[in-house]
Amino acid sequence: MTESTRLAIIYGSTRPGRLCDRVVNWVARELVHYPLIEIDVIDPLAFDLPFQHDREHAGVTALSARLSDADAFIIVTPEYNHSFTASLKFVLDLVYEPWHGKPVAFVSYGGISGGLRAVEQLRLVFSELHAVTVRDTVSFANPWGRFAEDGTLANPIEARQSLVRLIARLNWWSAALKPARAMRPYRSIAA
């Protein structure tokens, strides 16, 4: 029997009026077609996070628990000024162990680069967090006007094809890493 994957979709933006809501809605709607994926949408705005690093804060504890429950992650990130957002970096830095030994994939959006510069920088951060990043991405160049309020995407065929490939690779990594973490927790590996 094939075991399901607990997949956390994480918002990479906290700006008012963010396009991220629409992109996350599209990703979540598409993933409904995968019966062996349990989706957990994680919006940093829902956690009442502190303004400074405080790992004892109730919001950080709640966020850490949700991230710990995930087998894999999809980060939905915009690109601002050739990078990812400060709010996403803050979320990544608030917790450490929940990322260890887990696969991470990216759905990005932005101007002409489609957010890929942000993704490349995120790969560096996740390597430091002992996570494995999936090479394949879903990227939306100049996405404004392509997503309806509910996340419906105009001309979705190419994006769906990219998402299918991304999910196949993410599931492969999840299936490989989940039993490895169960057999030997990542934190038990000596530095």
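- The name given to the chain in an unreviewed UniProt entry is NAD(P)H-dependent FMN reductase, with Rhizobium miluonense as the source organism.

### Considerations on a nonpolar patch on the surface
Stage number 1. Taken together, the side chains of V32, I39 and V41 present a nonpolar region at the surface, about 230 Å² in accessible area.
Stage number 2. By secondary structure assignment, the location of V41 is in strand β2 (residues 37–42).

### Brief notes about the packing of helix α1 (residues 20–31) against helix α5 (residues 157–183)
Stage number 1. Closest axis-to-axis distance for the α1/α5 pair is 11 Å, and the angle between their directions is 65°. When the interaxial angle is binned, α1 and α5 end up roughly perpendicular. Viewed along their axes, α1 and α5 form a crossing whose handedness is right-handed. Within the contact between the two elements, α1 uses W26, E30 and L31 and α5 uses A159, R160, L163 and I167.

### Re α5
Stage number 1. The end-to-end C-alpha separation of α5 is 39 Å, in line with the 39 Å expected for 27 residues at 1.5 Å each.
Stage number 2. Three or more residues of α5 are buried, namely A159, S162, L163, L166, I167, L170, S174, L177, K178 and R181.
Stage number 3. Taken together, the buried residues of α5 touch β1 (5–11), α1, β2, β3 (72–78), β4 (103–110) and β5 (132–141).

### Digging into unusual backbone geometry
Stage number 1. Here the phi dihedral of H130 falls at roughly 60°; this positive angle occurs in a residue that is not glycine.
Stage number 2. Following the sequence through the fold, H130 ends up in the loop between α4 (116–128) and β5.
Stage number 3. Positive phi, close to 50°, is recorded for N155, a residue that is not glycine.
Stage number 4. The residue N155 is located in the loop between β5 and α5 in this model.

### A short note on the packing of aromatic side chains
Stage number 1. Tallied over the entire structure, the rule returns 6 aromatic pairs.
Stage number 2. Pairing W26 with F140 gives two aromatic rings, centres 5.5 Å apart and planes at 90°, and the pair type is edge-to-face. You can see W26 sitting in helix α1 and its partner F140 sitting in strand β5, a full 114 residues away along the chain. Here the two residues W26 and F140 agree in accessibility, since each one is buried.

### What about the sheet that holds β2?
Stage number 1. Reading across the sheet, the 5 strands line up as β2-β1-β3-β4-β5 and stay open at both edges, with parallel pairing between neighbours. With one partner strand each, in any of the chains shown, β2 and β5 form the two edges of the open sheet. Between one strand axis and the next, the sheet turns through 20° on average, direction left out of account.
Stage number 2. Across 6 bridges, the pairing between β1 and β2 is parallel. When the bridges of β2 are listed, I9 appears paired with V41.
Stage number 3. α5 rests against β1, β2, β3, β4 and β5 of the sheet, and its axis sits at about 165° to β5.

### Let's talk about the UniProt feature "domain: NADPH-dependent FMN reductase-like" (unreviewed entry) in the chain
Stage number 1. UniProt records the feature "domain: NADPH-dependent FMN reductase-like" (unreviewed entry) for residues 6–142 in the present numbering.
Stage number 2. Segment residues 6–142 splits into 34% helix and 27% strand. End C-alpha atoms: 31 Å apart.

### What about the environment of I9?
Stage number 1. Mapped onto the elements of the fold, I9 is located in strand β1.
Stage number 2. Sequence-wise, I9 and R22 are 13 residues apart; in three dimensions their C-alpha atoms are separated by 13 Å.
Stage number 3. Leave out the neighbours within four places in its chain, and I9 touches V24, V27, A28, L31, I39, D40, V41, I42, I74 and V76.

Basis of the calculations
- Residues numbered from 1 in each chain as written.
- Predicted model: local features only at pLDDT ≥ 70, side-chain atom pairs only at ≥ 80, totals over all residues.
- Heavy atoms only, no water.
- Patch = residues over 30% accessible without salt bridge, like charges linked within 9 Å, V, L, I, M, F, W, Y side chains within 5 Å.
- Areas by Shrake-Rupley, 256 points an atom, 1.4 Å probe, with all protein chains shown as cover.
- Salt bridge = Lys/Arg side-chain N within 4 Å of Asp/Glu carboxyl O.
- Helix = DSSP H or I, 4+ residues; strand = E, 2+ residues; numbered from the N terminus.
- Axes fitted to C-alpha atoms, helices over the stretch in contact; angles between N-to-C directions.
- Parallel < 35°, antiparallel > 145°, perpendicular 65-115°, else oblique.
- Left-handed = near helix turned anticlockwise from the far one by under 90°.
- Contact = heavy atoms within 4.5 Å.
- Expected span 1.5 Å × (residues − 1).
- Buried < 20%, exposed > 50% of the residue type's maximum accessible area, 1.4 Å probe, protein only.
- Phe/Tyr/Trp six-rings, centres within 6.5 Å; stacked < 30°, edge-to-face > 60°.
- Pairing = 2+ DSSP bridges.
- UniProt positions renumbered as here; feature names shortened; annotations may be inferred.

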